[in-house]
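In case you want the letters, here they are:
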Protein chains: 2
Amino acid sequence: MDAVIVGFGFLGRGLAEALSSKWELVASFDPEFRLVGASNSRGYLFAKQGVRPSELLGLDGLSRHPLFVDGGSSIELLERARPQIVVELTPTNIVDGEPGLTHIRHALRMGAHVVTANKGALTHAYWELVGEAEKMGVLLLYESTVAGAVPVFSLVRECLRGDRVKKILGILNGTTNYILSRMHFEEIGFEAALKEAKERGLTERDPAVDIEGHDAACKAVILANALMGKRVKLSEVKRKGVSGVSLEAVRLAKKSGHTIKLIASIGEEEVEVSPRLVPLNHPLCVHGTLNSIHLETDLAEQLTLIGHGAGKQTVSALFNDLLTVLKRAKQAGSFTHK
Amino acid sequence: MDAVIVGFGFLGRGLAEALSSKWELVASFDPEFRLVGASNSRGYLFAKQGVRPSELLGLDGLSRHPLFVDGGSSIELLERARPQIVVELTPTNIVDGEPGLTHIRHALRMGAHVVTANKGALTHAYWELVGEAEKMGVLLLYESTVAGAVPVFSLVRECLRGDRVKKILGILNGTTNYILSRMHFEEIGFEAALKEAKERGLTERDPAVDIEGHDAACKAVILANALMGKRVKLSEVKRKGVSGVSLEAVRLAKKSGHTIKLIASIGEEEVEVSPRLVPLNHPLCVHGTLNSIHLETDLAEQLTLIGHGAGKQTVSALFNDLLTVLKRAKQAGSFTHK
């Protein structure tokens, strides 16, 4: 199968590195797997016979490649390459999901399987995109959109087919969790902790995306739709950020064996993101930039998953989604697309 | 497909209950699924046309069933029923794995898929049984043998194909975790906490199985073999139990933000079960009867799973294993056995 990576940046390089170092494993799923293209905001590379992923490594590895077409668009790449797999990794845009949404839509309509980290696109058009994928008989996998390396979607899809998810609680934003953890352990104020987070490069360009809970709300929408079959829109999420959390409140919580965390809560009734008291001994209660997801199901009752919510570990989710596509295609024996 | 449940007791009733309440879901995987038999230590029931699982519920529901054959053996049931699926749930015997080992071996050699909760059998003959299943082209699934409802084997098998597991740490025994949690939070001594555990029905008939780490060692063997491809025998596990853990030691640990937990550790070099200092803030550090498993992998780096390690929630693992068998059989289109 032929794959292209759209939005080749930090995660794209990580994925190329994994493909390069685990090429034999990939070939064991599909001996004919090829990476035939990649694009970034400046242009794209297209190589009909495939490129070695290692050629794209290093800073600007893509843009400096001899085959790089300066000024070409990602859609142009899709049209020229007609790949069976599109990995969409453009930056998340929580306002309207673009340009990721257009890329994913285009890829699905071409009959390509899609693996994406683009939570903006999924948040805004979850059911449209899932419907399009079903219609075309292709896979749309998005493990990396929520809680980075934590494989919650594949866990529910592959390992909990018999369980019904009744409720989800999650710490889904690493930046606010870092800030609240610093307030708890170092007893510093919100502004000081935010400054630290900025200095460590943990905040988005617009810190409000994290601080005011927009990022967590997007993830809650995807979880609610994907794991509980809801049809929730971002505007329907009750959302309160952490900027109002005082050191005094954190100290009081600590005295009673609790702390304050920004919790995404998806219940039968509503979807909410807000600061909540959490017992320090609760499995959900993780610190630093870790993310956690607590599932309540009818049979297993409670399952908690904890792992890295962002950073290069997210490549695990992308790479495993890619292998899932290769495995399913092998099982199916033939592809529904050209 | 036809299934029988061998060793129909607490978990068997739980599985029958799940089958009964989720019959439509089961039928969506295989419209011809039938439960054609079940056995306990006193005899068996065989019904060629299938029984409704609800007929076996209630205390002694199996033995009181009009079709129950008093004195018949489980092997006799397997021979008469020739099922495509055998669910083996006889009590764990950590000395030699019997009678579960004989049942599983017999079932695999008949060409039946096997779903089992029998960690004794798996501990003693992991590679023999896996080899037999591969030879016969059938599935051998054992999600419930380690950490009850926590789907660690299916997670690695289905969701982490691209990751290599480098190390595993686990709290795998609920009884000792209950005892150590009581010592930590209530500051009571080991004997008092053990007495409580006994009163709450949390100990095995022979408490040494839990207390001295035999149970955790069995689980470590299965994890090491299944998730890291090791060929570890139970006798090779370095094992130290919790009976030597003093309240004084727990108190000292607590003062420095730690506690003492019975940790199973599976590294590149060796497999060990022993009491260890664990930071209270570590994701692995769960309390009460909860179990946790911390995986270190090359891509995701760290993933922790937490859930119920025993009790009726374990039915989740059994039921999901069963659905996996039905799904795979459907994908394969035909069965390798009669």
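Calculation criteria
- Residues numbered from 1 in each chain as written.
- Chains lettered and ligands numbered in written order.
- Predicted model: local features only at pLDDT ≥ 70, side-chain atom pairs only at ≥ 80, totals over all residues.
- Heavy atoms only, no water.
- Helix = DSSP H or I, 4+ residues; strand = E, 2+ residues; numbered from the N terminus.
- Contact = heavy atoms within 4.5 Å.
- Polar contact = N/O pair within 3.5 Å; in protein donor to acceptor, adjacent residues only side chain to side chain.
- Pairing = 2+ DSSP bridges.
- Buried < 20%, exposed > 50% of the residue type's maximum accessible area, 1.4 Å probe, protein only.
- Right-handed = clockwise from strand over helix to strand, strands pointing away.
- Axes fitted to C-alpha atoms, helices over the stretch in contact; angles between N-to-C directions.
- Parallel < 35°, antiparallel > 145°, perpendicular 65-115°, else oblique.
- Left-handed = near helix turned anticlockwise from the far one by under 90°.
- Nonpolar A, V, L, I, M, F, W, Y, C, P; charged D, E, K, R; others polar.

A look at the environment of A:Thr259
All names here are of chain A.
Okay, so step 1: With respect to the secondary-structure elements, Thr259 resides in strand E10 (residues 258-266).
Okay, so step 2: The spacing of Thr259 and Gly309 is 50 residues in sequence and 20 Å in space, taken between C-alpha atoms.
Okay, so step 3: For Thr259, the contacting residues outside a window of four places in its chain are His184, Ala253, Arg276, Leu277, Val278, Leu280 and Cys285.
Okay, so step 4: Of note is the side chain of Thr259, whose polar atom sits 2.9 Å from the side chain of His184.

With respect to the sheet that holds strand E5 (residues 85-88) of chain A
Residue and element names in this part refer to chain A.
Okay, so step 1: Here seven strands make up an open sheet; going across it, the order is E4-E3-E2-E1-E5-E6-E7 and the pairing mixed. Of all strands in the sheet, those bounded by a partner on one side alone are strand E4 (68-70) and strand E7 (140-141).
Okay, so step 2: Across four bridges, the pairing between strand E1 (residues 2-6) and E5 is parallel. Looking at the pairing, Val4 lines up with Val86 of E5.

Quick word on the pairing of strand E6 (residues 113-116) of chain A
Residue and element names in this part refer to chain A.
Okay, so step 1: Side chains His113 and Val115 project from E6 onto one buried face, and the interleaved Val114 and Thr116 project onto a second face that is buried too.
Okay, so step 2: Bridging between E5 and E6 involves four bridges; their strand directions are parallel. Its bridge partner lying in E6, Ile85 is registered against His113.
Okay, so step 3: On the question of chirality, the crossover connecting E5 to the parallel E6 by way of helix H4 (residues 100-109) is right-handed.
Okay, so step 4: One ladder, built from two bridges, connects E6 with E7; its direction is parallel. Paired with Val115 across the bridge in E7 is Leu141.
Okay, so step 5: Regarding topology, helix H5 (residues 119-136) serves as the crossover connection from E6 to the parallel E7, and that connection is right-handed.

Re the pairing of strand E8 (residues 165-171) of chain A
Residue and element names in this part refer to chain A.
Okay, so step 1: The element E8 is extensively covered by neighbouring structure, given that five of its seven residues are classed as buried.
Okay, so step 2: Looking at chain direction, E8 and strand E12 (residues 290-297) are connected through six bridges and run antiparallel. If you follow Lys167 over to E12, its bridge partner there is Glu296.
Okay, so step 3: By the bridge criterion, three bridges tie E8 to E10 in an arrangement that is antiparallel. Of the residues in E10, the one forming a bridge with Gly170 is Ala264.

A word on the packing of helix H1 (residues 10-21) of chain A against helix H12 (residues 315-332) of chain A
Residues and elements named next belong to chain A.
Okay, so step 1: Put simply, H1 and H12 touch, their axes get as near as 9 Å, and they point 55° apart. Considering the angle they form, H1 stands oblique to H12. The chirality of how H1 crosses H12 is right-handed. The residues of H12 that touch H1, namely those facing Leu11, Gly14, Leu15, Ala18 and Leu19, are Val315, Leu318, Phe319 and Leu322.
Okay, so step 2: The class makeup of the residues in the contact of H1 with H12 is eight nonpolar, one polar and no charged.

Quick look at the side chain of B:Asn225
Okay, so step 1: The topology assignment puts B:Asn225 in helix H10 (residues 214-228).
Okay, so step 2: Sequence-distant contacts of B:Asn225, defined by excluding residues within four places in its chain, comprise B:Tyr126, B:Trp127, B:Lys230, B:Arg231 and B:Val232.

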